[in-house]
Amino acid sequence: MNLNFAKFDLKPEQELKFLLKKKDDLILIVCSKCFVNYTSEEVSQSCKPVFEIFKRLNKKIKKCIELNFLCSTYINKEKILEIINKYERYEICVFSCGLGIQNIAKLIEKEIVAISNSIQPKYSYNSETLHHGISLDNDKFCATCGECFLNYTSGICPIVECPKSLLNGPCGGAKNAKCEVDKEKDCVWIKIYNILKEKNYKTNSKVLIRKYNNLLFEENKKLIEKNLAIRVKDFCGGVYPQENKNITQNISTEKFLSPQIVKIFLSQHIGKPSIPLVKIGDYVFLGQKIAKSDGFLSANIHSSVSGKVIDIKEIFHPIAKKNLPAIVIENDNKELKDYKIKPKNNWKNLNKQKILEIIFEKGIVGLGGAMFPTHVKLSSNKKIDTLIINASECEPYINVDNRTILENTKEIIEGINIIKFLLDIKNTIFAIEDNKIEAIEKLRSILPKEIKIEVLKTKYPQGAEKILIKKLLNLKIPKNKIPLEYGILVHNISTVYLIYKAVVEGIPFIERTVTIAGDEEIKKKYGNYIIKIGTPIDFIVKNSFNENFNLEKFLLKFSGYIMGVELKTLDTAIIKGCNSILGLIKKNNYSLYNKCIKCGRCVDVCPMELEPLEFVFSYQENKMDNLERLNMKNCIECGCCEYICPSKIYIVEIIKQLKNRF
Amino acid sequence: MFVLKVKKQEEIFELINNKKTFVFICEGCNEIFLYREEITKFLDSLSKENIIDTKIVDYICNPEYIKNYFEIFKKTIDLSDIILIFSCGVGVQTANKISNLPVYTGCDTLHIPGYKGVETVADENYDCILCGNCYLNYTANICPLTSCPKELLNGPCGGAKNGKCEIDNKKDCSWEKIFEKLKKYNNFEKIKNEILTRKF
């Protein structure tokens, strides 16, 4: 019997009969398989023969439980233990590949019955062939032998494709170029010979010998251990993208050119949009309040230039992805400052209420990405024990936090003191990643002793709030809860700098540091710039990328390489939460409707221990009923799953749409 | 799962042999196991005239994607004599099928035990080699094929000392573990009845 399984096959009936002697009440745990196209009937269909055989053998199946990826301890440990406790007196049968069986056997103190044989993927003759799970009709395999012969055999692997794994030429048994083991198969060595002739490969000067000795085993073991050590084990999942930080790492921050017009959105933050205070035709000063906060979760907005308001109209908002109102101001380049901008040299004379008022008035929002109004976070009634300063900038390319630390260290310390004063916090942890060597050195020399510096190993998405807390304090914050309820406050380093600027220098949030970087091919001038809020994107593109750039061929990423959004129009502007503008070569083959092949990589990299492939399945089949069970609300939209997906499905976009529908 | 080892430099030098080279670096699934530093070091040591272009791509084992990459970089690929690929064996074989130029690899691919599809505990005692006839029922759910270096199916070889394997002193003898676990379950019946033989 051959079921359409990717990796395992049901054992013959006779053997099952022997195995299940005296065992009548059974629980069946089925792995819903990897490396097959994800369809709805798949599991129930393939389980049918099992039920038939069990019926013939007079065995009762109390319950059949299907789990995704039994080989993963992360996602299935709790579920398996729960099942085992519930059905303690039953015998457990497992239908999965050898890894799943061993995984369960490791978890429990009871003998389990394996009812499947693990089989190799089709067409392969070697026991350790890898099916890398890319496209299922792909008939190429790799035996992971550790000594690649492809260079001498014209790119066809004789170890995998030749049933005899011959390395020194054909065996001589081939008839009419067909293999003597399998008459439908072409002889691999004849294929190799033809291609060698045709493509002018380098012909082999050495005799190919496969090394089966222990030496290689030792060497491999070392290499594997070395590689596993790189992988930080402290939280589940995560990816290690190419950092590319060196493009702008050593360029000091400078002011970007002043644009002719600015377009300032009324939605610069999470929560309600602000209410405009100016009319068309009004003259506004630099730093003048042009829109006021509307309610509790909202923030003030200030003009980043001096000049005349020429329009209030709807423009495409990059994050909300729809047209939203914005105030358009024509810059007169005089930089006339508003009368309210006055430096206060000693903030220690102010009381808490006054400082909070300043932070609210100056329109400060969190720069960690969520754009949460800062005064809301700081005016909590809860007792706060720990302040975490988040400088773990794990996104590739971006150097905003890095440069802020290097250039404004003293201001940051002052900012931390302001927050500590406001909330009477004793513990402060400064979390920084180990790829910012210079910044760490500088912090170590300047930072006072009561602030603890935690150097973390680089891994994406370390900077996410909940993950950082889990890592530093070993505390898991459940869904629908915010860290404030647990007495923890997390602030981004750039926000701290803004608080300093607002309280001490009196400058409202009118400009921010943005990294502009990208591929070498379209480079005009990359670097870290202080850019006015509302600077149009087309102005930035004109001054940073060269004439090769166009939206058809290149990808413009707004605010981050992995988490950022793709811009499809240039008619939009910088908002408060934007930390980078990246010009990249376009990614190909991405779509919302690509077929999931169930390789499980998204489950592997998900830091929140979710199963992103289930969301894709729900979306594509329009089945919304099990989203609650899958904890979709826990998703932090970090983009790891989309980054690693070999089928190139827009997983984050799917999750965002599902969250809206929910 | 697998991990890549960059081949010895002399070996790749010999292959390139002053020909114009186009380099693909695959960053798909081996993403997890970085080897990038070694590759950049190696590419720096080559003379710049030899390397036409270096491109970082992902999942070149998918024929559709690699076809696409060949189209996008057609200009520079046409200038080159050979293509050098840093990826697993599958990627090289797929590229070879599509390319008109000779395709060479700069990597050896090694197997990581315990990784298949989704991450598990990486452990040499805990692996599945997809042999096709599962013995786990008779051996207390410990696989002798992957945990015993000699892949013995009919019992311990007798070379173990103090419960440690004679091949690797740090490793426990897997047959001793199997025996202890069977004792615990008090279940010697099956292993006595069935003679385990591997069907090749």
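On a predicted model such as this, the values are computed, not experimentally measured, just so you know. (Residues numbered from 1 in each chain as written. Chains lettered and ligands numbered in written order. Predicted model: local features only at pLDDT ≥ 70, side-chain atom pairs only at ≥ 80, totals over all residues.)

A look at the domain arrangement of chain B
Rules: An automatic or database domain assignment provides the domain bounds reported here.
As assigned here, chain B comprises domain 1 (2-111) and domain 2 (129-200). One C-alpha centre belongs to domain 1 of chain B, the other to domain 2 of chain B, and the line joining them spans 41 Å.

Digging into the domain arrangement of chain A
According to the domain assignment, chain A consists of domain 1 (8-118), domain 2 (140-230), domain 3 (347-505) and domain 4 (601-661). Computed over C-alpha atoms, the centres of domain 1 of chain A and domain 3 of chain A are 49 Å apart.

With respect to the sheet that holds strand β12 (residues 301-302) of chain A
Here is the rule we go by: DSSP calls a pair of strands paired once it identifies at least 2 bridges connecting them. Think of it this way: any DSSP run of H or I at least four residues long counts as a helix, any run of E at least two long counts as a strand, and we number them from the N terminus.
Pairing within the open sheet is antiparallel, and its three strands lie in the order β9-β11-β12 (chain A). Both outer strands of the open sheet, β9 (275-276) and β12 of chain A, are each paired with one neighbouring strand and no more.

Considering unusual backbone geometry
Residue and element names in this part refer to chain A. What counts, and what does not: Counting other C-beta atoms within 10 Å of a residue's C-beta gives its exposure: the residue is buried at 20 or more, exposed at 12 or fewer, and partly exposed in between, where C-beta atoms are placed from the backbone.
The step from Tyr-460 to Pro-461 runs through a cis peptide bond, and the omega angle for that step is 0°. Here Pro-461 lies in the loop between β17 (451-456) and α13 (465-473). Positioned with a positive phi, Phe-69 is a non-glycine residue whose angle comes to about 55°. Within the fold, Phe-69 resides in the loop between β3 (60-67) and α3 (73-86). The backbone of Lys-321 sits at a positive phi, close to 60°, despite the residue not being glycine. Counting through the fold element by element, Lys-321 comes out in the loop between β13 (307-317) and β14 (322-331). Classification of Lys-321 as exposed rests on a count of 12 C-beta atoms within 10 Å.

Observations concerning the sheet that holds strand β18 (residues 488-492) of chain A
Residues and elements named next belong to chain A. Here is the rule we go by: For every element, the axis is a line fit to its C-alpha atoms; helices are fit only across the contacting stretch, and the angle between N-to-C directions ranges from 0 to 180 degrees. Whether two residues are in contact depends on their C-beta atoms, placed from the backbone: they are in contact if these lie within 7 Å.
Read from one edge to the other, the open sheet built from four strands follows the order β17-β16-β15-β18, with strand pairing classed as parallel. In this open sheet, the two strands that pair with only one neighbour each are β17 and β18. The average undirected angle you get between the axes of adjacent strands in this sheet is 25°. By the bridge criterion, five bridges tie strand β15 (residues 386-391) to β18 in an arrangement that is parallel. Note that in β18 the partner of Ile-389 across the bridge is His-491. Packed on one face of the sheet, helix α12 (residues 437-446) meets β16 (427-433) and β17 and runs near 155° to β16.

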